[in-house]
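Descriptive analysis of the structure
Each chain, letter by letter, is given below.
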Amino acid sequence: MDAIRWQGNSLALLDQTRLPVEEVWNTYTDYRKVADAIRRLVVRGAPAIGVAAAYALCLAAMEYKGQNPEEFQKSMAAASAELAASRPTAVNLFWALDRMGLALGAAGCGAEALPILIREAEAIHREDVAMNRAIGAAGAAIVPHGARILTHCNAGAIATGGYGTALGVVRSAFTQGKVEMVYCDETRPLLQGARLTAWELVKDGIPATLITDNMAASLMAQGKIDLVLLGCDRMAANGDFANKIGTYGVAVLAHYHGIPFYSVLPSSTIDLSIPDGSHIPIEQREASEVTHFAGVRTAPEGVGVYNPAFDVTPHRLLTGIITEKGVIHPPFAEQLAERFG
């Protein structure tokens, strides 16, 4: 299962705004439209955003390859800046753009740079899938037999280059016969859990039960959740991390009920340049995502709206961090620095 396909001279993205009703692939030849697709959540999920942005820079290089070296560098810098502005929280976006920038710097200009940039973008994509599979193998080891797993938002194949982070662990554990049930928080206001995670699990034949966000506490109190697995959009050096809004509440509930709580992420999502979660920029999204449902107004005109896309969960609520280099336990700052510094 995938959501990103490079087609040689164009980029195809599975339109995640239309799932699960329709499976529609959009084709892009203009990097500006890819930036817009990132903003509009046609493609979403931190690793997937990074992969898409890398390919978008290849589209920019195709557009500008006939320019002289100085113009080409200026045009590519402007394209990178536009892509970087598309979403502020997911660090994979900036990681991928920085990596592409290094490749561009070593490649020269114009037509000479294009094949090098394409190879680098394909490497970023390929490596992300490999990291996800390694994450799945490492994480499956901590999943008990007969596990009933709660997840929030979507950290699956379509949020990455392929296979998934949190759902990569679920997939790997399921193949080992360990998974009894996956409970999917619907994830308000855009229902990524209901529309995307449930869709992935149903397609893969993994037992799934959809719940509204406010049902998690009740399930935990009844002893029906054995562990929580979810993704990450940016992790600070101390293990604080940003993920889809509502994650912090799930973490507090899991802590209260003594349920293991894991963040699952590739190393490209770790930002050792910031000391803690207070330095993570939190994207604020349009009020209409809260005031409307499926295009129909559900709140009165004139009401104020607070709509952050993410919240920050403090590291002290984490049981562990599952990465391609294994499962990390406290003290997180020391472990993250040792493995990824």
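Every chain begins its residue count from 1, and numbering advances along the sequence as written. Confidence filtering applies because this is a predicted model: local features only for residues at pLDDT of at least 70, side-chain atom pairs given and counted only at 80 or more, and all residues used for totals across whole chains, interfaces and linings. Each side-chain value is derived from all of the structure's non-hydrogen atoms; neither hydrogens nor water enter the calculation.

**Examining the packing of aromatic side chains**
Any two of the Phe, Tyr and Trp rings considered here, Trp counted by its six-membered ring, make a pair once their centres fall within 6.5 Å; the pair's planes then place it as stacked at under 30 degrees, edge-to-face at over 60, or tilted in between. Summed over the entire model, instances satisfying the criterion amount to three aromatic pairs. On the numbers, 6.4 Å between centres and 35 degrees between planes, the contact of F241 with F261 is tilted. Within this pair, whereas F241 is found in strand β9 (residues 241–244), its partner F261 is found in strand β10 (residues 261–264), the two being separated by 20 residues in sequence. Take F241 and F261: they sit in the same class, and that class is buried. For a Lys NZ or an Arg CZ to count as sitting over a ring, it must be within 6 Å of the ring centre and within 35 degrees of the ring normal. Of note, R5 hangs over the ring of W25, and the distance from its end group to the ring centre comes to 3.9 Å. If you follow K244 out to its NZ or CZ, it ends over the ring of F310, 4.8 Å from the centre. Helix numbers and strand numbers start at the N terminus; a helix is a DSSP run of H or I with at least 4 residues, a strand a run of E with at least 2. Residue exposure (1.4 Å probe, protein chains only): buried if accessible area is under 20% of the type maximum, exposed if over 50%, otherwise partly exposed.

**Digging into the packing of helix α2 (residues 46–64) against helix α4 (residues 91–107)**
Two elements in contact, α2 and α4, have axes separated by 7 Å at closest approach and are oriented at 30 degrees. As summarised for this structure, α2 and α4 are arranged roughly parallel, according to the angle between their axes. In terms of crossing hand, the pair formed by α2 and α4 is right-handed. Contacts from A46, P47, I49, G50, A53, A54, L57 and C58 of α2 reach α4 at N92, L93, A96, L97 and M100. Here the term charged refers only to Asp, Glu, Lys and Arg, the term nonpolar to Ala, Val, Leu, Ile, Met, Phe, Trp, Tyr, Cys and Pro, and the term polar to all other amino acids, Gly among them. For the contact of α2 with α4, the class distribution of residues is 11 nonpolar, two polar and no charged. Axis lines are fitted to C-alpha atoms, over the contacting stretch for helices. Their N-to-C directions set the angle, which ranges from 0 to 180 degrees. When describing relative orientation, an angle under 35 degrees is termed roughly parallel and one over 145 degrees roughly antiparallel, while 65 to 115 degrees is termed roughly perpendicular and anything else oblique. Crossing handedness: left-handed means the near helix sits turned counterclockwise from the far one by under a right angle, and right-handed means the same turn made clockwise. Two residues form a contact once any of their heavy atoms are found within 4.5 Å.

**Looking at the pairing of strand β4 (residues 147–151)**
For β4, the buried fraction is high: four of the five residues fall into the buried class. Here, strands pair whenever DSSP counts at least two bridges between them. Strand direction decides the pairing type here: β4 and strand β5 (residues 179–185), joined by five bridges, are parallel. Note that in β5 the partner of R148 across the bridge is M181. The handedness rule is simple: strands pointing away from the viewer, and a clockwise path from the first strand over the helix to the second, make the crossover right-handed. With respect to chirality, the unit in which β4 leads through helix α6 (residues 166–175) into the neighbouring parallel β5 is right-handed. The sheet contact formed by β4 and strand β7 (residues 227–230) spans two bridges and is parallel.

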